[in-house]
Amino acid sequence: MPSLPLPDGRYPTMQNPFIRLLARLSVGRKLLLIYLLDLTAVIFISGILIHEKYIAIDFARKEIAGNLYIGSVRDGLIDIARAGNGQLDVIPGLRRFEAALRDAQSEHGTGMNSADVSMKARTAVAALVHSSGRWQPDVDDALGASLELVTRIGNQSNLILDPDLDSYYTMSLLILRYPALIQAGNRIGERLHDSAMQRLAQNEARTRYLILEGQLDATVQGLQSDLNEAVTANPPLRTTLEPSKLRLFAAIDAYRSAARSQVDAPVDDARSLAQVEVAQRALLDTIQVSWQATAVELDALLKKRVHELYKRMWLHLGTALFLLCGLLCMVYFVARQIAEPLRNLSRVMDTVRRTGDHTLRARWNSHDEIGRLVRGFNGMLEQLDHEREAQKERAASTRAFEAQHALVEATPFPMVVTAIPDHQVLHANQPAARWLNGAEIDPWATGLDSSVRARFFQQLSDRGAVDEFEVRWKGSAEPAWAVLSARRLQFQGRDAVLTAFAPINHLKLLEQRLELWAKVFEGSSEAILIIDADHCVLTVNPAFFRSTGYDGADVLGKQPDFLVAGLPGDGSIEALTQVTNRRGSWQGETRIRKRNGDEYPAWLMVSVVREKQGDVSYFICTSIDISDRKKSEARIEFLAHHDVLTELPNRALCTERLRIALRHARRIGHRVAVLFIDLDRFKNINDSLGHHVGDGLLRSVASRLLRSVRPTDTVSRLGGDEFIVILNGVESREEVSHTVDQLMIPWIREPHDVGGSAIHVTCSVGIAMFPENGGDIDELLQHADVAMYDALRAGIETFGIRPGQLELEITESTLMDNIESDLPKLVAIRALGVRLSIDDFGTGYSSLNYLSRFPLDRLKIDQSFVHDMLDDPTNLAITRAIVGLGHTLGLRVVAEGVETQQEVDVLRTAGCDELQGFFFASPLRASQLATWMNEQAPA
């Protein structure tokens, strides 16, 4: 947009001193200034390009210096490796290497930060020379320090950063591959000379060697890759590097072959070790030749690059001079084409200014910007009179605008005038500034959502006015609610809209608070009811209906008589409201009656709401169902005095009940019996069947003990498999013995169904009588404990089944799980006279060697072979083979699962000793066995 002139006739830009200085210059001088600026730009850019080339030249020169420095290290590095190979004639060369490092640091080390690393390398070489090359750690230190120096030079001399592919891979060979190859070969030679490795077993020595050979192969692969990439990037290198490459890989293969032969050879094979040394020396000679050839090629590449960079620099300089000459000619020609028509135009303008003659015209025929300027100037003269009339009309519009402006500014509430249709802000009074927040173009786009904006302007278009349009205005610093009213009008001669803003934030805030309270009231999980000052229920939330079962007709308008207990004072609702009115709030535990008559505990919180005058408006009551908490408290109280597993009284509760029983017995002269019960061999059940079976057995025993005593007696568990029974008001010891012998022990000995298994267990019972065996708790418990252990020993001594009558069956898989540890145990069991049989034979993976060592008596064929042997010849052959195997081992063979006469005939023909299965009988109880045996006996 063109700028308007200031009152003095000047344009704002003319106030700039630099602009005023340029305005004084002629067009020719301005063009000369442009030429000088262009000349400066060309010189500056040319300087940048030349400087860039100079930096690249300096970069390459530093690489050349690094290459020369590495060349000084190369031969010494080879000599160090030769010393590690046992070549003692390299000592003079190492002394020269030490001096060469000092000279190379002095000549090429400037700017490479290599002084410390060079000193470290010279120190390590000096130590190696001092030991005459015979101490391998000195070789490793010198080799490592030299390799570190090569790495530092490569990093600091820009070699490692080389940007050109034609020299990058050649550099990689110098800095990375050849040093790594020397180090890998040295490690293999050092390991093969290591006496500790020669004492290792051959397999272990070969494994360690293969690890080193793998490192050598990785280095060779990297070397091969870099050589290929270097030749690809610079094909002429193939001619110079290919011969040394072939010799190098041949030497590597020879060294690898000699090293493998030495590893596979017998210990102290001096001949194979000598071959390794010869191959390593040849490899080092080849590496030295290849490294030197590569260094020569890299030096040639870098010098060629410097030469090319100089050529490019001079080419850029010549190009810049040519462009400067061409620019001078072009500027001179253009200057003539611009200056002449502008001088003509300037003369006409001066004449019009002095004479006021608007009939004059400038003459120039061209179709460029100057021609358009001349035609525009001539047209401007023609329109000058029309402009004078337009100025008068604008003056009248300005007066009307000022009147409208004063009216809007005088209004105390926010008012905004925006143009139609682009919605530009034409005017806004001071109160409206906060609502616009600096917006000058279409404040409606940021202030209203698109849908709201569309409805607002649609209503304005349909009616020409908008009244009380509620919106959420987002154009201010913070969103606010407002009611908009708008009218269409003419403002400064433009179609516009006058909009008034009426803030309603406070009304919206009250509305939101009411909505929030309603949501909290309806969505609360606690029951809420509101009571008026007359103690009647005004309203309740859904949670109250859910927790009590009442509906609205049951409670609304009525007093809350469902609060049945726990209220303050006399327990009435009046007392509750009096306390709440006095304190401002009240809370406590109460009980609430449901519609069905049930009651539940609840925590009731009551607060009072007052009007401005201080009178009570209503009471807000919130109740929380604490039934679960009460149950948890009761459970905690129960677990504090009872055993968790059996839910019997624990030691503390047992002691308390025994104390009460003794006090009562002393008072009325009764007797009290204390029984100490311990389950026999419970640990074996727990260890063999698992703790879950042991826990089930304890629960079953506890249940049977409770059934064997009276409700007034106490059965408690001390822990583990120990129980205490307190019998109150007994007449004599005989009565107690009868209870133990006829009820407790028989019931405990009955099979216990635990997890689908029948568990048999016995117990030992110790009895102590009050007052005969003690007058206090400790004496009675001690006497009962001693009596129980006496009973336990007596039971063990009288337990009698002859070992020869026992036979233990062990499955084949169990027998083979842990042979070495189980075999002595089975031998010991067999030495007692107990017979052993192997069950389910044929289903596992028995070793015949171990099978012959076990002290077995019987071998049982698994029933899967018996069932399938009639239909499957393979199973029949296996069955016959098992029978033969058992007889060969001196065992009796038993066939399981026999169900048909045909199976009986086949097994008897095969020589099976015993048959077992449903063909003969179903499983029998012990009481039925004698009858069955009598029936089977011959008459």
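Check the entry above for the structure.
Residue positions are given per chain, counted from 1 along the sequence in the order it is written. The predicted nature of this model means local features are confined to residues of pLDDT at least 70 and side-chain atom pairs, given and counted, to a pLDDT of 80 or more, with totals for whole chains, interfaces and linings taken over all residues. Water and hydrogen atoms were dropped before computing side-chain values, which therefore reflect all heavy atoms in the structure.

Our focus in this paragraph is the side chain of threonine 739. Tracing the backbone shows threonine 739 in helix 23 (residues 733–749). Here threonine 739 falls in the buried class, since its relative accessible area comes to 15%. The contact rule is simple, with two residues in contact once any of their heavy atoms fall within 4.5 Å. Discounting residues that sit within four places of it in the chain, threonine 739 has contacts with Ser708 and Met744. Starting at the N terminus, helices and strands are each numbered in turn, a helix being any DSSP run of H or I of at least four residues and a strand any DSSP run of E of at least two. Relative accessibility decides the category of a residue: with a 1.4 Å probe and only protein chains considered, values under 20% of the type maximum give buried, values over 50% give exposed, and everything between is partly exposed.

As a further point, take the packing of helix 22 (residues 691–707) against helix 23. Axis lines are fitted to C-alpha atoms, over the contacting stretch for helices. Their N-to-C directions set the angle, which ranges from 0 to 180 degrees. Look at helix 22 against helix 23: their axes get within 9 Å of each other, and the N-to-C directions meet at 155°. Here helix 22 lies roughly antiparallel to helix 23, going by the angle between them. The chirality of how helix 22 crosses helix 23 is right-handed. Listed contacts from helix 23 to Val701, Arg704, Leu705 and Arg707 of helix 22 are Met744, Trp747 and Ile748. The scheme is simple: roughly parallel for angles under 35 degrees, roughly antiparallel for over 145, roughly perpendicular for 65 to 115, oblique for anything else. The hand of a helix crossing depends on one turn: near helix anticlockwise from the far one by less than a right angle means left-handed, and clockwise means right-handed.

What links the strands of a sheet is backbone hydrogen bonding, and the strands pair in either a parallel or an antiparallel sense. When DSSP finds at least two bridges between two strands, those strands are taken to pair. If you trace the five strands from one edge of the open sheet to the other, you get 18-19-20-21-22, paired in parallel fashion. Pairing within the sheet leaves two strands with one partner each, and these edge strands are strand 18 (807–811) and strand 22 (914–915). Note that strand 21 (residues 892–895) and strand 22 share two bridges and pair parallel. In the strand pairing of strand 22, alanine 895 is matched with leucine 915. Strands strand 19 (835–841), strand 20 (858–861) and strand 21 of the sheet are contacted by helix 29 (residues 873–888), whose axis makes an angle of about 175° with strand 20.

Another aspect to go through is a nonpolar patch on the surface. Within the patch definition used here, like charges are joined within 9 Å and nonpolar side chains (Val, Leu, Ile, Met, Phe, Trp, Tyr) within 5 Å, considering only residues with over 30% relative accessible area and no salt bridge. What sets the accessible areas is the Shrake-Rupley method with a 1.4 Å probe; for residues, cover comes only from the shown protein chains. The term salt bridge refers to a side-chain nitrogen of Lys or Arg lying within 4 Å of a carboxyl oxygen of Asp or Glu. There is a patch of nonpolar side chains on the surface, built from Leu32, Leu33, Leu36 and Leu37 and spanning about 350 Å² of accessible area. Along the polypeptide, leucine 37 turns up in helix 2 (residues 27–84). Judged by its relative accessible area of 55%, leucine 37 falls in the exposed class.

Quick look at the sheet that holds strand 3 (residues 465–473) now. With respect to topology, five strands assemble into an open sheet ordered 2-1-5-4-3, the strand pairing being antiparallel. Of all strands in the sheet, those bounded by a partner on one side alone are strand 2 (425–428) and strand 3. Going across the sheet, the axis of each strand differs from the next one's by a mean of 25°, ignoring polarity. As paired elements, strand 1 (residues 415–419) and strand 5 (residues 494–503) share five bridges and run antiparallel to each other.

A separate point is the nonpolar core. Among the nonpolar cores identified, the biggest contains 71 residues, and Ile80 and Ile182 are the most heavily contacted of them. Elements with a contribution of two residues or more to this core: helix 2, helix 3 (91–108), helix 4 (115–130), helix 5 (136–156), helix 6 (165–193), helix 8 (202–233), helix 9 (237–264) and helix 10 (270–355). Setting aside its immediate chain neighbours within four residues, isoleucine 182 contacts Leu77, Ile78, Ala81, Leu143, Leu284, Ile287 and Trp291. Core analysis: the next-biggest nonpolar cluster, separate from the first, contains 32 residues, Leu679, Val701, Val761 and Val765 among them. The criterion is simple. A nonpolar core is a set of buried Ala, Val, Leu, Ile, Met, Phe, Trp, Tyr and Cys residues joined through side-chain atoms within 4.5 Å.

Counted at 1.5 Å a residue, the expected span for helix 9 with its 28 residues is 40 Å, and the 40 Å between its end C-alpha atoms agrees. Most pronounced at proline 243, the bend in helix 9 amounts to some 25°. A helix is expected to span 1.5 Å multiplied by its residue count minus one. Throughout, the bend at a residue refers to the angle made by two axes, fitted to the seven residues ending there and to the seven starting there.

This part covers the environment of leucine 237. Mapped onto the elements of the fold, leucine 237 is located in helix 9. C-alpha separation for the pair leucine 237 and threonine 170, spaced 67 residues apart in sequence, amounts to 9.5 Å.

With that settled, the discussion passes to the pairing of strand 5. Pairing geometry for strand 4 (residues 480–491) and strand 5, over 10 bridges, is antiparallel. Residue pairing across strands places alanine 486 opposite threonine 499, the latter belonging to strand 5. Here strand 4 folds back onto strand 5, and the loop between the two strands holds two residues, one of which, glutamine 492, carries a positive phi near 55°.

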